[in-house]
Amino acid sequence: MKRLIASVLAAVVISGAAQAETLRIGTEGAYPPFNQIDKEGNLIGFDVDIAKALCVAMKVECKFVTQDWDGIIPGLMAKKYDAIVASMSITAERKKAVDFSERYYSNTLRYVSKKGSSFDAKMVKGKNVGAQRATISSQYLEEKYGKDVSLKLYDTQENAWLDLTSGRLDAVLADSLVNYNWLKSPEAKGFEFSGDTIDINDQIGIAVRKGDALAGRLSKAIKDIVADGTYAKINAKYFPFSIY
Amino acid sequence: MNFEAMIEALPKLLEGTVLTLELVAFSLVIGMIFALPIALMRVSSNGFIRVIPYCYIFFFRGTPLLVQIFLVYYGASQFEVVRESSLWPILREPYWCAIIAFSMNTGAYTAEILRGAMQAVPHGQLEAARTLGMSTPMAYRRIVIPQAIRIGLPAYGNEVILMIKGSALASTITLLDLMGMTRTIIAKNYLAVEMFLAAGLIYLVLSFVFTQGFKYLELKITKDLRPHEVTNL
């Protein structure tokens, strides 16, 4: 009897180990074109495609978890998922809390405002400028202008644009690529990029918990998909220029 | 647990608390001003007069406060007419949008509390007052409403607490109230547990102060209803 139990246990353990490792990936699902939820409720976007390609390269199974942006790092620390693939900039502040893989794309910031408002960086003082809370854009505005700018923080990027179109905001600062995508939408009629591109050497990486060896494996997988052309294919699906 | 960070964040959190109290106080006062006429309309014997407050209360009690706040803030601003109207300087400010949504919400609840309380005053008293030659408005002013306030006070105390907690939704429309401030701090230090705990403690203190206040008020205005203390027989 004892032997039987032992062999059953062994069988369970072995079959468990034979299953592919599952990687739980946290993303926001409200940041087009990088991660968003389509009409059928599926998670789509550049981040999602990249994450899936990385999982294939790492021979693991991907499972996505959506999480509101301002709780996305706390969620990682609380082990709700193992990696964040959600267009997260690698910053010194975040590095205190989490580890990052190498970059999987590069980013710049740029304002959008009403056509003809000729808004630019020199006009920021005293203006109502919107950004998503807990993003590199909000941090940039806070650090650069402090109390000189009337900064409005939004839970989602879409709400910031909504307030731009309603006229509550003079401009929205966000990732250039995200604003680029928005400007193509019908809601953005009458709005345009304004001012120069703000290059703060922003690199987008995958966040993992501190000390997790996953960071190295992800970095290697990123190199692999760039080398084998998978990356370029995904890139072309969203942007007519390379964003690596 | 990082207690140092909690203490460090305290000045900012208290700054947010001031805004929370401001929003709640304004909304309660405006809500109360709304509530009395609405409650009086609700107890009217005329069906046409009753139907307007009924619809208002039905909507504001039956939908989530978050929906109401979004409708006022993001909804109204979608219309060109609203943006070009003279109300826009008010409606463009998240501060006033929050106060409008909160006042309408608490107004509906308060009206219902008042209605219930007025109907709890025995009808015979109103008749007696009329017999003594008082007009109906005077009878309401002197007889019904003072008693209704006493009856409705415990329920109203509850509503005030709910309003304090509900005001956290102001953070969803860019306001840096206690909740908004907490979330903004977490965006920088990622100490979600510590910061939410600190914010929770401040909300607890606020609720405690208000419950004690209402308890005191209740004791004060119901003195005659309690049994007399018997000392030496």
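These numbers come from a predicted model, not from an experiment.

Points about the overall build of chain B
Alright, step 1. What chain B contains, in helices and strands, is ten helices and zero strands.
Alright, step 2. Counting from the amino terminus, helix and strand elements in chain B follow one another as α-α-α-α-α-α-α-α-α-α.
Alright, step 3. Projecting the C-alpha coordinates of chain B onto the three principal axes gives extents of approximately 70 × 65 × 25 Å.
Alright, step 4. Per-residue burial for chain B yields a buried fraction of 44% across its 233 residues.
Alright, step 5. The averaged location of the 15 negative side-chain charges in chain B is 11 Å from the averaged location of its 18 positive side-chain charges.

What about the domain arrangement of chain A?
Residues and elements named next belong to chain A.
Alright, step 1. For chain A, the domain assignment lists domain 1 (21–106 + 202–238) and domain 2 (107–201).
Alright, step 2. Summarising the inter-unit geometry, the C-alpha centres of domain 1 and domain 2 are found 24 Å apart.
Alright, step 3. Summed over both sides, the interface of domain 1 with domain 2 buries roughly 1500 Å², with 49% coming from carbon and sulfur.
Alright, step 4. At the boundary of domain 1 and domain 2, one finds seven residue pairs in polar contact (both at pLDDT 80 or more).
Alright, step 5. Those elements that place two or more of their residues in the side of domain 1 that touches domain 2 are β2 (30–31), α4 (92–97), β8 (105–114) and β12 (191–209).
Alright, step 6. Tallying contributions element by element places β12 first for the side of domain 1 that touches domain 2, with three residues.
Alright, step 7. Residue classes in the side of domain 1 that touches domain 2 are distributed as nine nonpolar, four polar and five charged.

Section: the nonpolar core
In a soluble, globular protein the nonpolar side chains are often hidden away together inside.
Alright, step 1. Phe34(A), Phe46(A), Tyr104(A), Tyr105(A) and Leu23(B) are the most contacted members of the largest nonpolar core, which has 87 residues in total.
Alright, step 2. Among the domains, domain 1 (21–106 + 202–238) and domain 2 (107–201) of chain A are the pair contributing at least three residues each to this core.
Alright, step 3. Among the nonpolar cores identified, the runner-up in size contains 21 residues, and Ala108(B), Val121(B), Ala139(B) and Val144(B) belong to it.

Parameters and conventions
Residues numbered from 1 in each chain as written. Chains lettered and ligands numbered in written order. Predicted model: local features only at pLDDT ≥ 70, side-chain atom pairs only at ≥ 80, totals over all residues. Heavy atoms only, no water. Helix = DSSP H or I, 4+ residues; strand = E, 2+ residues; numbered from the N terminus. Buried < 20%, exposed > 50% of the residue type's maximum accessible area, 1.4 Å probe, protein only. Lys, Arg positive; Asp, Glu negative; His and termini not counted. Charge placed at Lys NZ, Arg CZ, Asp CG, Glu CD. Domains from an automatic or database assignment. Buried area = accessible area lost by both parts, 1.4 Å probe. Polar contact = N/O pair within 3.5 Å; in protein donor to acceptor, adjacent residues only side chain to side chain. Nonpolar A, V, L, I, M, F, W, Y, C, P; charged D, E, K, R; others polar. Core = buried A, V, L, I, M, F, W, Y, C linked by side-chain atoms within 4.5 Å.

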